[in-house]
Amino acid sequence: MTEAVAAGIKQDMGVKISPSLLSADFGRLAEETRAMEAAGADTVHVDVMDGRFVPNITIGPLVVRAIRKATKLPLGVHLMIVEPEAYVAAFAEAGADTLYVHVEACVHLHRNLQQIRSLGKRVGVALNPHTPVEAIRWVLPDVESVLVMTVNPGFGGQKFIESTLPKIRELKAEIERQGLEVEIAVDGGIDPTTAPRVVAAGATNLIAGSAVFGAADYAQAIKALRGAAD
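The written sequence of each chain sets the order in which its residues are numbered from 1. Local features in this predicted model are restricted to residues whose pLDDT is 70 or higher, and side-chain atom pairs enter the listing and the counts only when it is 80 or higher, whereas totals over whole chains, interfaces and linings include all residues. Derived side-chain values reflect all non-hydrogen atoms in the structure, with water molecules and hydrogen atoms excluded from consideration.

### Some thoughts on the sheet that holds strand 7 (residues 183–187)
Reasoning step 1: Should DSSP find at least two bridges between two strands, the strands are taken to pair. Elements are defined by DSSP. Helices are runs of H or I of four residues or more, strands are runs of E of two residues or more, and each kind is numbered from the N terminus. If you walk across this open sheet you meet the 8 strands as 1-8-7-6-5-4-3-2, and the pairing is parallel. Pairing within the sheet leaves two strands with one partner each, and these edge strands are strand 1 (16–19) and strand 2 (44–49). On average, adjacent strands in this sheet sit at an angle of 25° to one another, irrespective of strand direction.
Reasoning step 2: Inspection of the sheet shows strand 6 (residues 145–149) paired to strand 7 by 5 bridges, in the parallel sense. Of the residues in strand 7, the one forming a bridge with Ser145 is Glu183.
Reasoning step 3: In what follows, residue pairs with any heavy atoms lying within 4.5 Å of each other are defined as contacts. Between the N-to-C directions of two axes lies an angle of 0 to 180 degrees, each axis being a line fitted to C-alpha atoms and, for a helix, fitted only over the stretch in contact. Helix 9 (residues 218–229) rests against strand 1 and strand 8 (205–208) of the sheet, and its axis sits at about 145° to strand 1.

### Some remarks on the side chain of Lys16
Reasoning step 1: The residue Lys16 is located in strand 1 in this model.
Reasoning step 2: Nitrogen and oxygen atoms within 3.5 Å of one another constitute a polar contact, given that in protein one can donate a hydrogen and the other can accept it, and given that sequence-neighbouring residues count only through two side-chain atoms. Polar contacts involving the side chain of Lys16 include one to the side chain of Glu183, which spans 2.6 Å.

### Re the packing of aromatic side chains
Reasoning step 1: Ring pairs shown here join Phe, Tyr and Trp side chains whose ring centres sit within 6.5 Å, with only the six-membered ring taken for Trp; geometry is labelled stacked below 30 degrees between planes, edge-to-face above 60, and tilted in between. As enumerated under the stated definition, the model contains 1 aromatic pair in all.
Reasoning step 2: Relative to Tyr218, the ring of Phe213 has its centre 5.4 Å away and its plane inclined at 70°; by these criteria the two rings are edge-to-face.
Reasoning step 3: For every residue, the accessible area (1.4 Å probe, protein chains only) is compared with the maximum for its type, and the residue is labelled buried under 20%, exposed over 50%, or partly exposed between those bounds. Of the residues examined, Tyr218 reaches a relative accessible area of 18% and is grouped as buried.

### Overview of the pairing of strand 7
Reasoning step 1: Of all 5 residues making up strand 7, 5 are buried, and the element is well covered by its neighbours.
Reasoning step 2: Handedness of a crossover is defined as follows: orient the strands so they point away from the viewer, and if the path from the first strand over the helix to the second runs clockwise, the crossover is right-handed. Read as a crossover between parallel neighbours, the route from strand 6 over helix 6 (residues 164–177) to strand 7 is right-handed.
Reasoning step 3: Pairing of strand 7 with strand 8 involves 3 bridges; the strand directions are parallel. What sits directly across from Asp187, in strand 8, is Ile207.
Reasoning step 4: Considered for its hand, the β-α-β crossover made up of strand 7, helix 7 (residues 195–201) and strand 8 is right-handed.

### Comments concerning helix 6
Reasoning step 1: For a helix, the expected span equals 1.5 Å multiplied by the residue count minus one. When the terminal C-alpha atoms of helix 6 are compared, their 20 Å separation across 14 residues agrees well with the 20 Å that a helix rising 1.5 Å per residue should span.
Reasoning step 2: Burial in helix 6 covers these residues: Thr164, Leu165, Lys167, Ile168, Leu171, Glu174 and Ile175.
Reasoning step 3: Where the residues of helix 6 are buried, they touch strand 5 (122–127), strand 6, strand 7 and helix 7.

### What to know about helix 2 (residues 29–39)
Reasoning step 1: The complete set of buried residues in helix 2 reads Leu29, Glu32, Thr33, Met36 and Ala39. All buried residues of helix 2 project into a common sector of 125° when viewed along the axis, lining one side.
Reasoning step 2: For helix 2, the elements touching its buried residues are strand 1, strand 2, helix 3 (61–70), helix 8 (210–213) and helix 9.
Reasoning step 3: Directly beyond the C-terminal end of helix 2, a positive phi value near 105° is found at Gly40. The arc in question is formed by the directions pointing from the helix axis toward the C-beta atoms.

Next up, the structure:
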């Protein structure tokens, strides 16, 4: 287990703030990543898009490797790609600590999750806004984190989808019913207004892009999110 993975696990007891580099200045990614660590972020979130699963293209393993060198914080890498099993090993080797694959992109979800575990990484599964909790009910014991998309994946700066709140509550109830300790991450439209609502529903990891990188003071933006979550 890497130092970063261990740090991520230790932080699971409280609400984490995870700035999403999708909203960062891509010409200064190393600087932006270091700025997140200095500003008090708990983890750094990296969105990988292939132009097929979502209508956008972002970064690959080489860029993740560069981000890894810029920070000691845990890296959560969100694979919004088709056939993730073909790329999981490359992103793991590049320095990801948690790897999220989408249930909608996985023909053999359980096998994909076991692949991540075999690489020594924290196992994550992601759900699009329309995908029900039932889709992952039988694999919950095999994951450390569930990422609930609260916007349609592909672009930053979208408006929070209100109908995802009941799903977060349902997911929390199912995790408790099974007696598990699984992190609930939320991604999309997270700001000081929506943060307390998703936390009240059960979220424990707030992934925020525009709310952090759109602010003049990153530290103050993270502090505001943390205060709202508390």
